[in-house]
Amino acid sequence: MSGPAGERGRPVSGAETQPERTALSWQRTGLGLLGVAALLAHRAALSGRVLPGALAAVVALAGLAVLGLLAPRRARALARAAAAAPRAAALATAAVVLSAAAAAAVVVSR
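In short, a report on the structure. The model shown is predicted, which means the values in this text are computed figures rather than measured ones.

Procedures and definitions
- Residues numbered from 1 in each chain as written.
- Predicted model: local features only at pLDDT ≥ 70, side-chain atom pairs only at ≥ 80, totals over all residues.
- Heavy atoms only, no water.
- Helix = DSSP H or I, 4+ residues; strand = E, 2+ residues; numbered from the N terminus.
- Buried < 20%, exposed > 50% of the residue type's maximum accessible area, 1.4 Å probe, protein only.
- Contact = heavy atoms within 4.5 Å.
- Areas by Shrake-Rupley, 256 points an atom, 1.4 Å probe, with all protein chains shown as cover.
- Patch = residues over 30% accessible without salt bridge, like charges linked within 9 Å, V, L, I, M, F, W, Y side chains within 5 Å.
- Salt bridge = Lys/Arg side-chain N within 4 Å of Asp/Glu carboxyl O.
- Lys, Arg positive; Asp, Glu negative; His and termini not counted.
- Charge placed at Lys NZ, Arg CZ, Asp CG, Glu CD.
- Core = buried A, V, L, I, M, F, W, Y, C linked by side-chain atoms within 4.5 Å.

### Side note on the overall build of the protein
Point 1. A count of helices and strands for the protein gives three helices and zero strands.
Point 2. When the 110 residues of the protein are sorted by exposure, 25% land in the buried category.
Point 3. Sequence-distant contacts in the protein: of pairs separated by 6 or more residues, those separated by 24 or more amount to 63%.
Point 4. Carbon and sulfur atoms provide 67% of the accessible area of the protein, an area that totals close to 7,000 Å².

Here you go:
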């Protein structure tokens, strides 16, 4: 059995769909960061404390940076060549680690 059909009904290889899957994963990462920021903001609203609100703002900015800057940049890089962009990947990883650290700090400080 062949893979999904592309234009004109011919099978699409994994190499042809890789850039699209990568672009979608970057979008999911950015949206995940915004989701964590929303949870932190909710916690800040319930507790009335400033720290969760400040962390929510930082995580939200990281999510927006991934969605608005890093994801499109990575998509363009993949469209031009199959070469990796390790710096952009490292920045996205740092944003996710920052988000996790912020969430952990809020939970532990309770």
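Read on, since the account is not over.
### A closer look at a positive patch on the surface
Point 1. Taken together, the side chains of R73, R76, R80 and R87 present a region of like positive charge at the surface.
Point 2. Ranked by the residues each element gives to the positive patch, the list is headed by helix α2 (residues 50-80), at three residues.
Point 3. Mapped onto the elements of the fold, R87 is located in helix α3 (residues 86-108).

### Points about the nonpolar core
Generally speaking, a soluble globular protein has its nonpolar side chains buried in company with each other.
Point 1. Counting residues in hydrophobic clusters, the biggest one holds 16 residues, and the most contacted among them are W26, L40, V59, V66 and L70.
Point 2. Among the elements of the structure, α1 (14-47), α2 and α3 are those that each provide at least two residues to this core.
Point 3. Here this core takes seven residues from α2, the largest share from any one element.
Point 4. Apart from residues lying up to four places away in sequence, V59 is in contact with L33, V36, A37, L40, S99 and A102.

### A short note on the environment of L55
Point 1. Mapped onto the elements, L55 comes out in helix α2.
Point 2. A residue is classified by how much of its surface remains accessible, and L55, at 19% relative accessible area, is buried.
Point 3. L55 sits 48 residues away from A103 along the chain, and the two C-alpha atoms are 8.2 Å apart.
Point 4. Sequence-distant contacts of L55, that is, excluding residues within four places in its chain, are made with L40, A102, A105 and V106.

Interpretation note: all reported values are geometric properties and have no functional meaning in isolation.
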